[in-house]
Every structure is written in C-alpha cells, then in structure tokens.
Amino acid sequence: MPALLEARSITKRFAGVTALRDVSFELQPGEIHALCGENGAGKSTLIKLLSGLHPAGSYEGELLLDGAPAHFRTIADAQERGLAVIYQELALVDELTVAENLFLGCEPRRGALIDWDAVWHEARTWLARVGLEISPDARVGDLGVGGKQLVEIAKALSKEARVLILDEPTAALPEREVETLLTLMAELRGRGIACIYVS
C-alpha cells in the first residue's frame, strides 16, 4: 500500500544556497511524524514546499500523494488534495466570529445567499470534533492562543484535510492547552488523519 504522502529526494535552492538537500520521508494514514531541527535546518522550507507555497518546478525531487505524483502549484492546490498547515502565525480574522472564520470564502449557500443556519450548524459540528466548547458566534479576537489554534484545526478538518502540518504548535501554549492539543492529535490519528509535528 502506498504512503499517504511521500517526499523523494527533495532539494531546494535559493540563489545558490541549498536549503534542503536530498530529503526523503513517508507519511502513513494516522501517523504522527515529528520534524525536528534547529533554526535554519530547512523545516520551514519543507513545510512551504509541501503546502504549495514553493510550487512544483521550483525544487528537485518529487512529492507523491497516495502513490501518485503531486504537483502543487498553489496553496489552494495542496488544500484541495487534503494538506493543511497550521502556522504559528494563525491565519484568522480577529474581528469575525468563529463560524465566519471557519467558512470564510467557502460559506454554505442557498442560491446566491449565505445559508447562515447551515453555517452555525456546521460550525457547531466542527468545533465539537476538536473538543472546543464555545459558541460559533464568539469573536475570534476574544479567544486565547490555544482556542484559536483549535479553530484553525477545525477549519482544516472542515475542508477534509487528511494531512495536518503543525508548525511549532505548542510554543505559545500553557501546559493545560498542550495536553488538549496532544489529546486531539491522538484522536485524529485514530480517524486516520496524519500529522506532521514541527519543532
């Protein structure tokens, strides 16, 4: 059975500087894969490459998804194929509600109008999946870092992510929220969702 995600002999250069040299790894469904290294080791470069920020053709080697070549040209390409990155700098809009953030740009619609009943219902479903007990109409700016991180994960799961890449996920979290995140990762593993944990 092919790996869910595989990198083969990836090399990435910037103006003569080699950021990645001959990197290979495999990620199976439900696997939690730690990617550890010092600053400058190439972790961020690899994340950007896996997420489509560094597009296919800008590096040597190849990516495979379910055993077939994957040519991500944009972040949207990678997301459509089930890869999502949760960065340290969370990509949420503080002034909007949790529900609005979850479906921003892909709101359920009834004809030309946003179906707000569906937005609130689906938001509750995805928040429950990550164990976040807050109202969908809570303002994101009022949440702590851990809550925002769980909203980001819920957003990725709502887009049917099969691979979650977590960039330094526990760096700014208190111990209690670290435990919540690690428990969630174990639950996701049980559902067959793979995680790359960057530290």
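Keep in mind that what you see is a predicted model, and the values were worked out from it rather than measured.

Student: So what's going on with the packing of aromatic side chains? Which residues, and what values?
Tutor: Applying the stated criterion to the full structure yields one aromatic pair. The cationic tip of Arg129 hangs over the ring face of Trp126; the distance from NZ or CZ to the ring centre is 4.5 Å.

Student: Tell me about the sheet that holds strand β6 (residues 83–86), and please be specific about residues and values.
Tutor: Sheets are built from strands paired through backbone hydrogen bonds, the pairs being either parallel or antiparallel. Strands sit in the order β3-β10-β9-β6 across an open sheet of four strands; the sheet is parallel. Two strands bound the open sheet, and with one partner strand each, they are β3 (32–35) and β6. Strand-to-strand, the axes of this sheet are offset by a mean angle of 15°, without reference to chain direction. Two strands pair when backbone bridges link them, and β3 and strand β10 (residues 194–198) are joined in this way by four bridges, in the parallel orientation. From the neighbouring strand, Ala34 faces β10, where its bridge partner is Tyr197. Along the sheet, helix α5 (residues 145–158) makes contact with β6 and β9 (163–167), crossing β6 at roughly 170°. Helix α6 (residues 175–190) contacts β3, β9 and β10 of the sheet and is inclined by roughly 145° relative to β10.

Student: Explain the sheet that holds strand β1 (residues 5–14) residue by residue, including any values.
Tutor: Strand order in the open sheet formed by four strands is β2-β1-β4-β5, with antiparallel pairing between adjacent strands. Of all the strands in the sheet, the pair left with one neighbour each is β2 (17–27) and β5 (68–70). Going from strand to strand, the sheet's axes swing by 30° on average, the running direction of each strand aside. Note: strand β4 (residues 60–65) against β5, three bridges, orientation antiparallel. Note on β5: the bridge partner recorded for Leu63 is Ala70. Docked against the sheet, helix α1 (residues 43–50) engages β1, β2 and β4, running at close to 60° with respect to β2.

Student: An account of the pairing of β10 is requested, with residue identities and associated values reported.
Tutor: In terms of burial, β10 is largely enclosed, as five of its five residues are buried. Neither face of β10 is left uncovered, since the one carrying Ala194, Ile196 and Val198 and the one carrying Cys195 and Tyr197 both have all their residues buried. On the question of chirality, the crossover connecting β9 to the parallel β10 by way of α6 is right-handed.

Student: Describe in detail the layout of surface pockets, supporting the description with residues and values.
Tutor: By volume, the largest pocket amounts to about 360 Å³. Lining the largest pocket are 18 residues, with Ile75, Gln79, Ala84, Val85 and Glu152 sitting closest to its centre. Of the residues forming the lining of the largest pocket, the biggest block, four residues, is contributed by β6. For the lining of the largest pocket, the per-class residue count stands at 12 nonpolar, two polar and four charged.

Reading the values: rules and limits
- Residues numbered from 1 in each chain as written.
- Predicted model: local features only at pLDDT ≥ 70, side-chain atom pairs only at ≥ 80, totals over all residues.
- Heavy atoms only, no water.
- Phe/Tyr/Trp six-rings, centres within 6.5 Å; stacked < 30°, edge-to-face > 60°.
- Lys NZ or Arg CZ within 6 Å of the ring centre and 35° of its normal.
- Pairing = 2+ DSSP bridges.
- Helix = DSSP H or I, 4+ residues; strand = E, 2+ residues; numbered from the N terminus.
- Axes fitted to C-alpha atoms, helices over the stretch in contact; angles between N-to-C directions.
- Contact = heavy atoms within 4.5 Å.
- Buried < 20%, exposed > 50% of the residue type's maximum accessible area, 1.4 Å probe, protein only.
- Right-handed = clockwise from strand over helix to strand, strands pointing away.
- 1 Å grid on protein atoms, 1.4 Å probe; cavity = no way out; pocket = protein on both sides within 12 Å on 5 of 7 lines; lining within 4 Å.
- Points joined across faces, edges and corners; volume = space filled by probe spheres on them.
- Nonpolar A, V, L, I, M, F, W, Y, C, P; charged D, E, K, R; others polar.

As far as function goes, none of this settles anything; it's purely spatial.
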